Amino acid sequence: MQHLAPIALFVYNRPEHTRRTISFLQKNLLADESRLFIYSDAAKDETDKKKVEETRELIKTVDGFKSVKIIERKESYGLAASIIDGVSELTKEYGKVIVFEDDLLASPFTLRYFNEALRTYQEEERVMQISAYMFPLKNPESLPETFFFRATTSWGWATWERAWNHFEPNVSLLYQQFDQSKIKDFSIDGSMNYWKQLLDFKSHKNNSWSIRWYASVFLNKGLVLHPRESLIDNIGHDGTGVHSIIEDTYQVTISRKPIHNFATEIKENKEALAAIKLFFKHRKGSLFKRGKKFLINTWYQFFKS
């Protein structure tokens, strides 16, 4: 396969998560033909400095790719700024990019899926992202092998320069383009808290690049390709991540099969929309499960601090 997309891997202060992420990437078909760019953010304070240094020592040993380039930030960017800068840099130079963070385990066929999809939809303006993660849906076998859905995901994804050029970092410019009808569609008929995430960013309660990216895609009537079975598992829901708590709602079993069929009709799949909406509505589980999760995270945050 010619002209493979470069891989951007964003790491910070989790050497063991990073080691596992890289180990799974190395086992991918096409890894040895792919360029890997590792963006290592600087420690935001003395508390993180040791783990950042451990992570930087680890990534200096990485091999198994066509090339490996390490970008060590001299000052703390934070995750959002680091991703925006890295994705902008690589899409400008290569026209496309595959994006990983330091807590994502990939199927052996994930890079192949990304590159084939990037090639297939290169000229389709409405297709703005390729996602490799899929929620643990009920009865996924009833869905096509790949399908289009309006929302982006940030756990293993790819895009083109033509699509990333639509990214709007200014939340005020995004906010003013929404009306009640768009808010309803954006939040998948109120089943997911995407609108709250955007409002929280606007109120400086989070620093999410991903909710601004989804809003940018949504407002441009963009679509995202998703697999029926996830090619990514996020191992960061152990309380160690920048924005993570202890959580098992989104845990999946990684598909070990290659993807052969790519959606031909450039429109949102109604069956997939219904299945994802059902997952969103019931993702929090019973009152008992929610209470247990609250107590676990309260306990963890207390001892973590």
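Thresholds, definitions, all that
- Residues numbered from 1 in each chain as written.
- Predicted model: local features only at pLDDT ≥ 70, side-chain atom pairs only at ≥ 80, totals over all residues.
- Heavy atoms only, no water.
- Helix = DSSP H or I, 4+ residues; strand = E, 2+ residues; numbered from the N terminus.
- Buried < 20%, exposed > 50% of the residue type's maximum accessible area, 1.4 Å probe, protein only.
- Contact = heavy atoms within 4.5 Å.
- 1 Å grid on protein atoms, 1.4 Å probe; cavity = no way out; pocket = protein on both sides within 12 Å on 5 of 7 lines; lining within 4 Å.
- Points joined across faces, edges and corners; volume = space filled by probe spheres on them.
- Axes fitted to C-alpha atoms, helices over the stretch in contact; angles between N-to-C directions.
- Parallel < 35°, antiparallel > 145°, perpendicular 65-115°, else oblique.
- Left-handed = near helix turned anticlockwise from the far one by under 90°.
- Nonpolar A, V, L, I, M, F, W, Y, C, P; charged D, E, K, R; others polar.
- Salt bridge = Lys/Arg side-chain N within 4 Å of Asp/Glu carboxyl O.
- pLDDT = per-residue confidence, 0-100.
- Expected span 1.5 Å × (residues − 1).

When its secondary structure is counted, the protein chain shows eleven helices and ten strands. Counting over 305 residues, the protein chain shows a buried share of 53%. For the protein chain, restricting intrachain contacts to residue pairs at least 6 apart in sequence, the fraction spanning at least 24 positions comes to 83%.

To continue, consider the layout of surface pockets. In this structure, the second largest pocket encloses a volume near 260 Å³. Taken together, Arg126, Arg150, Lys182, Asp185, Phe218, Leu219, Lys221, Gly222, Leu223, Lys267 and Glu268 make up the full set of residues lining the second largest pocket. For the lining of the second largest pocket, the secondary-structure elements that each account for two or more residues are helix 7 (180-186) and helix 9 (210-219).

What follows deals with the packing of helix 1 (residues 15-26) against helix 2 (residues 46-59). With their axes 9 Å apart at the nearest point, helix 1 and helix 2 run at an angle of 25 degrees to one another. On the basis of the axis angle, helix 1 is roughly parallel to helix 2. Every pair of crossing elements has a handedness; the one defined by helix 1 and helix 2 is right-handed. Across the interface between the two elements, Pro15, Thr18, Arg19 and Ile22 of helix 1 pack against Lys51, Glu54, Thr55, Leu58 and Ile59 of helix 2. Here the residues of the contact of helix 1 with helix 2 sort into four nonpolar, two polar and three charged.

The next subject is the pattern of salt bridges. Applying the stated rule across the entire model yields 15 salt bridges. We note a salt bridge from Asp103 to Arg14, for which the minimum N-O separation is 2.9 Å. With Asp103 in the loop between strand 4 (96-101) and strand 5 (104-106) and Arg14 in the loop between strand 1 (7-11) and helix 1, this residue pair connects regions lying 89 residues apart in the sequence. Accessibility classification places Asp103 together with Arg14 in one group, the buried group. Salt bridges linked by common partners bring Arg14, Asp102 and Asp103 together as one network.

With that settled, the discussion passes to empty space enclosed by the protein. One pass over the full model with this rule turns up one cavity of 30 Å³ or more. In this structure, the largest cavity occupies an estimated 40 Å³ of space. What lines the largest cavity is Leu4, Ala5, Pro6, Glu33, Ser34, Arg35 and Tyr94. Of the residues that constitute the lining of the largest cavity, the class distribution is four nonpolar, one polar and two charged.

For Glu268, the position within the fold is in the loop between strand 10 (232-234) and helix 10 (270-282). In contact with Glu268, not counting residues within four places along its chain, are Phe148, Phe149, Arg150, Leu223 and Leu273.

Turning our eyes to something else, we now look at the confidence of the model for the protein chain. Here the protein chain shows a mean pLDDT of 92. Residues at 70 or above account for 89%. Low pLDDT, under 50, characterises residues 241-246; the stretch is placed with 17 contacts to residues that sit more than four places away or in other chains.

This part is about helix 3 (residues 79-94). Compared with the 22 Å implied by 1.5 Å per residue over 16 residues, the 22 Å span of helix 3 between its first and last C-alpha is a close match. Along helix 3, the residues classified as buried are Ala80, Ser82, Ile83, Ile84, Gly86, Val87, Leu90 and Thr91. On its buried face, helix 3 is in contact with strand 1, strand 2 (35-40), strand 4, strand 8 (157-160), helix 5 (161-164) and helix 9. Gly95 sits one or two residues past helix 3 and shows a positive phi near 85 degrees.

Attention now moves to the packing of helix 8 (residues 194-202) against helix 9. Viewed as axis vectors pointing N to C, helix 8 and helix 9 meet at an angle of 120 degrees, and their least axial separation amounts to 9 Å. Put simply, helix 8 runs oblique to helix 9. Considering the relative orientation of helix 8 and helix 9, their crossing is left-handed. Contact residues: helix 8 offers Tyr194, Gln197, Leu198 and Phe201, while helix 9 offers Ile211, Arg212, Tyr214 and Ala215.

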